[in-house]
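Single-letter residue listing:
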Amino acid sequence: MSLLPEVRTTSPIAMGFEPYLDSVIRLLDRIGESRGQTVLVTGEAGIGKSRFISEVKKQAGKRNLLILEGGCFEPDQTVSFAPIHDLLRDVLKAYPADRVLGLLGSSARQWARTLPELERDLPDGSYVQPASEQENRRLLRDIAQFFVRLSSIQPLLIVLEDLHWSDDNTLEFLHYLAREITTEPILLLLTYRSDEASACLTHLLAELDRERLAVELSLPRLSIAQVDQMVRAVFGLKRPVRSELLEAIYSLTGGNPFSIEEVLKLLAPTGDIFLVESALDRNTLSPVAVPRSVLDDVSRRLRQVSVQAIATLSLAAVVGNSFDFGLLQELTTLDESVLLKQIKELIDAQLIVEMSADRFAFRNTLTRQAIYSQLLARERRVLHKRIGEAMEGMHSIDLGASLDDLAYHFFEASSWERALAYSERAGEVALARYNPRVAVEHFTRALEASRQLGLPPNPRLYRLRGLIYDTLGQFGKAYADQETALQAASVSGDRHAEWCALLELGKLWAGRDYERSGQYYRQAISLAHQIGKPAASASSLNRMGTWHLGMEQMADALKCHQDALALYEEVNDQHGIGETLSLTGAALYAMGNIRESADYYDRSVVLLRKLDDRQALVSSLPVLSTLRGPSYLHSTVAQGGSANLSSSSRPIKSRSTYDVEDALKLARDIHWRLGEANALCSLANSLGAQGEYANALALANANLLIVEELDHAEGLAAAHCLLGALFVDLFALNEAREELERALTLSTDIGCMTWMYFATGLLVETCIQQGDLARVEALLGVTDELEDLPQSLGQRLVWCARAELALAEGDPHTALGITDQLMSCAGKGNGTGSLTPPKLSLHRAEALAGLGRLDEAIAELKEAKQSASSSGMRSMLWRVQATLGKLLQQQGHQTEAADEFSEALSVIEELALHIPDDEQRKNFQTIAASAIPRTFGSSLRSVSRKENGGLTTRELEVAVLIAEGKSNYDIATELVVSKRTIETHLSSILSKLGFVSRKQIASWAVEKRLEKRQAV
């Protein structure tokens, strides 16, 4: 743990109002066309209105507008035209007084009465008599005209802030001004607090609405993601804020930027928030001091209510952030009418809000904290006990619904026996309901109550809290709790609790240090055998199996899971059976047995859904999704034929996609960050292989952010591997190499052989394309210990890379030998109807072609094309098509070659649409297109123009669907591409055919008698 460095807790970046700022910037750009506008900027105190105005002023300055500013202040509400005087003073800074007097015209004397800077320059210096009511109205019109005349010299940005404190005359003037500026180069920007609008201001707003004179921008609170961005900017953090702390800040401040800054200002210097493993953290139960600004605001509001209402409010603050009317009435013993009157006072003072007829809440958490902090500690303790006992009395039959509140109140009352009992029960309920943060809070209270009672450490409570910390991704806290549980169990002689702790410690270290993880698992297996319970032995075997899997010890992994499954079936442990089925499937998947693996996962998911085992489902569904669709991970093994796979080259939103989306939702529902990351990784993997690069990159980066936050080394290795695979596909080789080198280093450091092999295979491919054969030799030298036949997907990928190296070195004999060996085991376990691995088939075909065996190579490529098309692997499809076209061209089959080249170009065109970065898109198009012979372009276009108007394969398909009367949306849905992709195709079709309407395309398609999907 380390204290934060000295930093300013004011955010260096503006947050949350970017779309609104863009809107105002567009209005600024129209000012030069004499198109004036009134803009209302509203929101609660601290939401960022002044920051927004500051950003607008910067933009106005760039456009050479004269910026005039005025502000309203609470003490000046009875001072007429106070903010208008501010505007005039700003004008006097830009122009000499005599010129300003000239622009003011006949109203100069009236304004000089309250503005000494002008009075000194009056021609006769005479005293100006006070204005009458009639003169005041003329004055309003004249001053409005003054700003209009001024704008003829230079366009204006007029800013008036905090109109909720404005005087009535100023509001009336603004109504005049808003009418006058609609055809003038003036932007009038007005701010006010939406929750403090006076009656006169409300009337002005209604008039502006009625006359359509203003645009209103209501600035929103920050989202939790924006709060994370803001906190990281304040402290200069590269890693995301820990989710527990982030949610605490968000809950406390409601996403109000000023409140966030104020809270951080209090927490940072005291050490209440600190850095742990380069991430921001805080003490779980440490109370947050209330900022002075909040205390001042609450004090100001309290002056509006009676002493009796304040007493009721104080009692409500002890109850919590929200409270029931019935409980409050029970505590105060007041008549309903009296209590309702006090509640209305508090609502009018904007201290509390009504949630329903029976429930109320404080305006925000900090308001409640401000009231609560004004009570003496002893006073609070007494009230907490009183509230707890009242709740026990009111819910004596069924306390279940009040467990959270009872645990909290008796803990704060220092009633340790009841605090321990209720906190433990509440923690278990929260855990069962997948509410980990609430569970942690209750278990922490239970452990503290136990300590206060002088009881020995409870290994069960420490283990449960450690499990939750692991779910939340807080490794340090989880490890400390499990170590404490292990020691406590050892001291008390509780062997079962000792076994549980060993197992959890092994799981904790599995993602960070495989050697240490294995030590814990071996101890757990030994102790499980001594205990003699089949379920304990089975659970230990499962954990050991996952360890063997990470170490690439496939046979040992499979045996562990098979033995565990037999033990669970022996005792009919359904949860154990469900988990073990998926783990067995994982082992089979890693061994390349896709069909058999999917069968195990299918059985597992059915059982886990029946048991509502959400965490196990989150682990299983993404893998099942990967098994059913295209993936970078199994590009070198045969995929089983499936009804879920498409018969065309387009990607599919199949059952597999829904599986992983279901897993994502479940992971977020149960707050399992690592499970969420794994689901994101799986979905990105599948979308990337389909060529949906924009979505894949977004999901892959979201996954990376989470595992960076968790500092999970194995997750980081997987995340960098995935990004590396995507960049290899995009020919962004420098980025790919950087990601894959990181993945290799991370996996090597923790001893995880699985990701080491995957990273090595992809890195070799990258270095070959870069021409760095020295690095390739070094990488492959590390994997020389591989057996004669590869045992896992990762090992097969390395072997495939060796074949690619042989091809690059002009050695087709070696390449063919390697690919033949890989093919011999590629379909093992997948049954009949398996699809050829496209990547492996491509390299085998290249080897055959290098040996002059063109017929065999072409046959291999045709099978690879069918496989890539059926499985939706568009990232491989165009590569296969381009190579096939070249070989057909060599054999003189020019028409067939032209068809393949045309289809390849069509796929490349579509894939490019899904690359978000302009430079990467251009680079991809250039390199991909270079795979098509230059001589092909002109001849193919000539033939195509004669036959089909020069349309590509996909454009012909779109034309057929247009002829069927389908809309762009319908076509996009049927082809499972984006609507933008269809719009691009439509534009190209119109251009190539020289048409101007969809009707012309439809008629042309009918005339040509194009058959549906003829090009697929």
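Note that the structure is a prediction, hence the values are computed from the model and not measured. (Residues numbered from 1 in each chain as written. Predicted model: local features only at pLDDT ≥ 70, side-chain atom pairs only at ≥ 80, totals over all residues. Heavy atoms only, no water.)

Caption draft 1: Representation of the packing of aromatic side chains. With the rule as written, the count across this model stands at 16 aromatic pairs. Centroid distance Phe323 to Phe362: 6.0 Å. Interplanar angle 65 degrees. Geometry classified as edge-to-face. Of the two residues, Phe323 is situated in strand S8 (residues 322-324) and Phe362 in strand S10 (residues 359-362); the sequence distance between them amounts to 39 residues. Phe323 sits in the buried class, given a relative accessible area of 2%. What makes Phe362 buried here is its relative accessible area of 5%. Ring plane angle 50 degrees and centroid distance 6.4 Å describe the contact between Phe325 and Phe360, whose orientation is recorded as tilted. Placement of Phe325 in helix H15 (residues 325-332) and of Phe360 in strand S10 is noted, with a sequence separation of 35 residues between them. Among the residues examined, Phe325 registers a relative accessible area of 9% and is labelled buried. (Phe/Tyr/Trp six-rings, centres within 6.5 Å; stacked < 30°, edge-to-face > 60°. Helix = DSSP H or I, 4+ residues; strand = E, 2+ residues; numbered from the N terminus. Buried < 20%, exposed > 50% of the residue type's maximum accessible area, 1.4 Å probe, protein only.)

Caption draft 2: Broad picture of the nonpolar core. Among the nonpolar cores identified, the biggest contains 218 residues, and Phe323, Trp878 and Phe924 are the most heavily contacted of them. For this core, the element with the most residues is helix H34 (residues 713-729), which contributes 12 residues. Core analysis: the second largest hydrophobic core is formed by 46 residues, Leu104, Leu177, Leu190 and Leu213 among them. (Core = buried A, V, L, I, M, F, W, Y, C linked by side-chain atoms within 4.5 Å.)

Caption draft 3: Geometry of the environment of Arg138. Counting through the fold element by element, Arg138 comes out in helix H7 (residues 133-151). On the basis of relative accessibility, which here comes to 27%, the residue Arg138 falls in the partly exposed class. Distance from Arg138 to Ser106, taken between C-alpha atoms, is 10.0 Å for residues 32 residues apart in sequence.

Caption draft 4: Representation of the sheet that holds strand S4 (residues 186-193) within the structure. The 5 strands lie next to each other as S2-S3-S4-S1-S5, forming an open sheet whose pairing is parallel. Unpaired on one side and paired on the other, strand S2 (66-71) and strand S5 (214-218) mark the two borders of the sheet. Strand after strand, the sheet turns through a mean of 15 degrees between neighbouring axes, direction not considered. As paired elements, strand S3 (residues 156-161) and S4 share 5 bridges and run parallel to each other. Within the sheet, the bridge partner assigned to Leu160 lies in S4 and is Leu190. (Pairing = 2+ DSSP bridges. Axes fitted to C-alpha atoms, helices over the stretch in contact; angles between N-to-C directions.)

Caption draft 5: Broad picture of the environment of Ile153. Mapping Ile153 onto the fold places it in the loop between H7 and S3. On the basis of relative accessibility, which here comes to 36%, the residue Ile153 falls in the partly exposed class. In this structure the C-alpha to C-alpha distance between Ile153 and Pro185, which are 32 residues apart in sequence, comes to 9.9 Å.

Caption draft 6: Region of the structure containing the pairing of strand S1 (residues 37-43). Of all 7 residues making up S1, 7 are buried, and the element is well covered by its neighbours. Neither face of S1 is open: one carries Gln37, Val39, Val41 and Gly43, the other Thr38, Leu40 and Thr42, and all of them are buried. Relative to S4, S1 runs parallel, the two sharing 7 bridges. Across the sheet, the residue bridging to Val39 is Leu189, located in S4. Alignment of S1 against S5, held across 5 bridges, turns out to be parallel. In the sheet register, Thr42 faces S5, and the bridge partner there is Ser218.

Caption draft 7: Local environment of unusual backbone geometry. Here the phi dihedral of Asn64 falls at roughly 60 degrees; this positive angle occurs in a residue that is not glycine. Inspection of the secondary structure assignment puts Asn64 in the loop between helix H2 (49-62) and S2. Here Asn64 falls in the exposed class, since its relative accessible area comes to 55%. Even without a glycine there, the phi angle at Arg212 is positive, about 55 degrees. The residue Arg212 is located in the loop between helix H9 (199-210) and S5 in this model.

Caption draft 8: Representation of the sheet that holds strand S9 (residues 352-354) in the model. Here 3 strands make up an open sheet; going across it, the order is S8-S10-S9 and the pairing antiparallel. The open sheet has two free edges, formed respectively by S8 and S9, since each of these has just one partner strand. Geometrically, the sheet is characterised by an average inter-axis angle of 30 degrees between neighbouring strands, direction not taken into account. Relative to S10, S9 is paired through 3 bridges, and the arrangement is antiparallel. When the sheet's bridge partners are listed, Glu354 is paired in S10 with Phe360.

Caption draft 9: Spatial organisation of the packing of helix H40 (residues 838-850) against helix H41 (residues 854-871). At a closest axis distance of 8 Å, the pairing of H40 and H41 adopts a crossing angle of 165 degrees. As the angle between them shows, H40 and H41 are arranged roughly antiparallel. Note on packing geometry: the crossing formed by H40 with H41 is left-handed. On the side of H40, the interface is formed by Pro838, Ser841, Leu842, Arg844, Ala845, Leu848 and Ala849, while H41 contributes Leu854, Glu856, Ala857, Glu860, Leu861, Ala864, Ser867 and Ala868. Of the residues belonging to the contact of H40 with H41, the class tally is 10 nonpolar, 2 polar and 3 charged. (Parallel < 35°, antiparallel > 145°, perpendicular 65-115°, else oblique. Left-handed = near helix turned anticlockwise from the far one by under 90°. Contact = heavy atoms within 4.5 Å. Nonpolar A, V, L, I, M, F, W, Y, C, P; charged D, E, K, R; others polar.)

Caption draft 10: Inspection of helix H14 (residues 307-319) at higher detail. The terminal C-alpha atoms of H14, which comprises 13 residues, lie 19 Å apart, in line with the 18 Å expected from a rise of 1.5 Å per residue. Listed as buried for H14 are Ala309, Thr312, Leu313, Ser314, Leu315, Ala316, Ala317, Val318 and Val319. Where H14 ends, the next residue or the one after it, Gly320, has phi of about 150 degrees, a positive value. (Expected span 1.5 Å × (residues − 1).)

Caption draft 11: Structural detail: the side chain of Ser450. In this structure, Ser450 sits in helix H21 (residues 436-452). The exposure class assigned to Ser450 is buried, which follows from its relative accessible area of 7%. Sequence-distant contacts of Ser450, defined by excluding residues within four places in its chain, comprise Leu420, Leu455 and Pro456.

Caption draft 12: Structural detail: the pattern of salt bridges. Under the criterion given, the structure shown has 52 salt bridges. Salt-bridge contacts for Arg232 lead to Asp228; the nearest nitrogen and oxygen are separated by 3.4 Å. Of this pair, Arg232 and Asp228 are both found in helix H10 (residues 224-235), 4 residues apart, which corresponds to roughly one turn of the helix. By relative accessible area, Arg232 is classed as buried at 19%. (Salt bridge = Lys/Arg side-chain N within 4 Å of Asp/Glu carboxyl O.)

Caption draft 13: Here's a closer look at helix H33 (residues 693-710). A rise of 1.5 Å per residue sets the reference length of H33, with its 18 residues, at 26 Å; its end C-alpha atoms lie 26 Å apart and thus fit the reference within 8%. Buried within H33 are the following residues: Tyr693, Ala696, Leu697, Leu699, Ala700, Asn703, Leu704, Ile706, Val707, Glu709 and Leu710. Looking at the buried side of H33, the elements it contacts are helix H11 (243-253), helix H32 (673-690), H34, helix H42 (874-890) and helix H43 (894-913).

Caption draft 14: Focus on the side chain of Thr312. Mapped onto the secondary structure, Thr312 falls in helix H14. Not counting the four nearest positions on each side in its chain, Thr312 is found in contact with Leu328, Thr332, Leu334, Leu339 and Gln342.

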